[in-house]
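# Per-entry structural report
Residue-level listing of the chains:
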Amino acid sequence: MELFNPSYWQTFALKYGAAGLALNSFIEAIFFPIPPDVLLIALCATNPHKAFFYALITTVFSTLGGVVGYFVGYKGGKPLAIKFFGEEKVNRVHRLFEAYESMIILTAGFTPLPYKLFTITSGVLFASLPKLIIFSVIGRGLRFFAEAALFYFYGSQITGFVEHNLNLIFTISGALIIILFLAYRRIKRGKLP
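Here's a quick rundown of the structure. Predicted model, so just to flag it, every value in this text is computed and none were measured.

A few words on the packing of aromatic side chains. With the rule as written, the count across this model stands at 10 aromatic pairs. On the basis of an interplanar angle of 45 degrees and a centroid distance of 5.0 Å, the ring pair of Phe52 and Tyr152 is categorised as tilted. Within this pair, whereas Phe52 is found in helix 3 (residues 51–85), its partner Tyr152 is found in helix 6 (residues 129–154), the two being separated by 100 residues in sequence. Assessed through its relative accessible area of 29%, Phe52 is described here as partly exposed. Aromatic pair Phe110 and Phe170: ring centres 4.9 Å apart, planes at 70 degrees, arrangement edge-to-face. Of this pair, Phe110 sits in helix 4 (residues 87–110) while Phe170 is found in helix 7 (residues 159–189), placing the two residues 60 residues apart along the sequence. Both residues of the pair, Phe110 and Phe170, count as buried. Within the aromatic cluster, the residues linked to one another by ring pairs are Phe52, Phe145, Tyr152 and Phe153. In this structure, Arg140 is placed above the aromatic ring of Tyr115, and the distance from its NZ or CZ to the ring centre is 4.3 Å.

The structure is reproduced here in structure tokens:
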């Protein structure tokens, strides 16, 4: 299906520009499978001097979509989750989510993990909406502004590198952040020398 083809969305981005990027960023945080990076990369490659503007649009509308995803989960997700997974498993995930809420949202925003799963799960588990917003802005902002910076400083010749390597770099960086965070928490609690 053409709708799930990234090249279709690159053409879409060039046709509709910032408005198309805003729409894609918003709906991707709720249900849409095509990440906004596809449109962001296409627009930044075409207009590197506007890269930071595009990153700002992507960050803002992705976070706003995340808030809508939160309310989708909040309004009816917990009864469905209990029905499909059982109350014990949902409560176990809820406790884990409560303990690491900020880190989970930050990591979901920064890495190539499906952001929508975490925005909806935040609502299902009645997570803190202010934390969702703050850590979505940080995580999504880091990701999109890092991509934009590469295009701003190196121009369209960086496109191949971004398309082929950036997800791996973000994944490794996200894993390192998690490891450092967990080590910090253990040291703070006195469990490591």
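On to the side chain of Thr159. With respect to the helices, strands and loops of the structure, Thr159 is situated in helix 7. On the basis of relative accessible area, Thr159 is assigned to the buried category, the value being 16%. Here Thr159 is in contact with Ile41, Ala45 and Phe151, once residues within four sequence places are set aside.

Its 24 residues place the ends of helix 4 only 30 Å apart at the C-alpha level, less than the 34 Å of an ideal helix rising 1.5 Å per residue. By the largest-angle criterion, Tyr100 marks the main kink of helix 4, which is about 85 degrees. Three or more residues of helix 4 are buried, namely Val90, His94, Phe97, Glu101, Met103, Ile105, Leu106, Thr107, Ala108, Gly109 and Phe110.

In this section: the layout of surface pockets. There is about 320 Å³ of room inside the largest pocket. Counting only elements with at least two residues in the lining of the largest pocket, the list comes to helix 1 (6–28), helix 2 (37–46), helix 5 (115–124), helix 6 and helix 7. Here the lining of the largest pocket gets 5 residues from one element, more than from any other, and that element is helix 7. Here the lining of the largest pocket is composed, by residue class, of 11 nonpolar, 3 polar and 7 charged. By volume, the second largest pocket is sized at about 250 Å³. Lining the second largest pocket, in full, are Gly77, Ala81, Phe85, Lys89, Val90, Val93, Leu117, Ile120, Thr121, Val124 and Leu125. Secondary-structure elements contributing two or more residues to the lining of the second largest pocket are helix 3, helix 4 and helix 5.

A word on the packing of helix 2 against helix 3. Between helix 2 and helix 3, whose axes approach to 9 Å, the crossing angle comes to 160 degrees. With respect to their mutual orientation, helix 2 and helix 3 come out roughly antiparallel. Read as a crossing pair, helix 2 and helix 3 show a hand that is right-handed. Seen from helix 2, the contacting residues are Leu40, Leu43 and Cys44; seen from helix 3, they are Ala51, Tyr54, Ala55 and Thr58. Among the residues forming the contact of helix 2 with helix 3, the class breakdown is 6 nonpolar, 1 polar and no charged.

Judged by nonpolar contacts, the single largest core of 25 residues is most densely connected at Leu21, Leu40, Cys44, Tyr54, Phe151 and Val162. Counting residues per element, this core draws most heavily on helix 2, at 7 residues. When residues no more than four places from it in sequence are discounted, the contact partners of Phe151 are Ile41, Cys44, Ala45, Pro48, Ala51, Ser156, Ile158, Thr159 and Val162. The next biggest cluster of nonpolar side chains, apart from the first, holds 9 residues, and it includes Tyr70, Val90, Phe97 and Ile105.

Each value, and the rule that gives it
- Residues numbered from 1 in each chain as written.
- Predicted model: local features only at pLDDT ≥ 70, side-chain atom pairs only at ≥ 80, totals over all residues.
- Heavy atoms only, no water.
- Phe/Tyr/Trp six-rings, centres within 6.5 Å; stacked < 30°, edge-to-face > 60°.
- Helix = DSSP H or I, 4+ residues; strand = E, 2+ residues; numbered from the N terminus.
- Buried < 20%, exposed > 50% of the residue type's maximum accessible area, 1.4 Å probe, protein only.
- Lys NZ or Arg CZ within 6 Å of the ring centre and 35° of its normal.
- Contact = heavy atoms within 4.5 Å.
- Expected span 1.5 Å × (residues − 1).
- Bend = angle between axes of the 7 residues up to and from the residue.
- 1 Å grid on protein atoms, 1.4 Å probe; cavity = no way out; pocket = protein on both sides within 12 Å on 5 of 7 lines; lining within 4 Å.
- Points joined across faces, edges and corners; volume = space filled by probe spheres on them.
- Nonpolar A, V, L, I, M, F, W, Y, C, P; charged D, E, K, R; others polar.
- Axes fitted to C-alpha atoms, helices over the stretch in contact; angles between N-to-C directions.
- Parallel < 35°, antiparallel > 145°, perpendicular 65-115°, else oblique.
- Left-handed = near helix turned anticlockwise from the far one by under 90°.
- Core = buried A, V, L, I, M, F, W, Y, C linked by side-chain atoms within 4.5 Å.

Function cannot be read off these values alone, since they describe shape.
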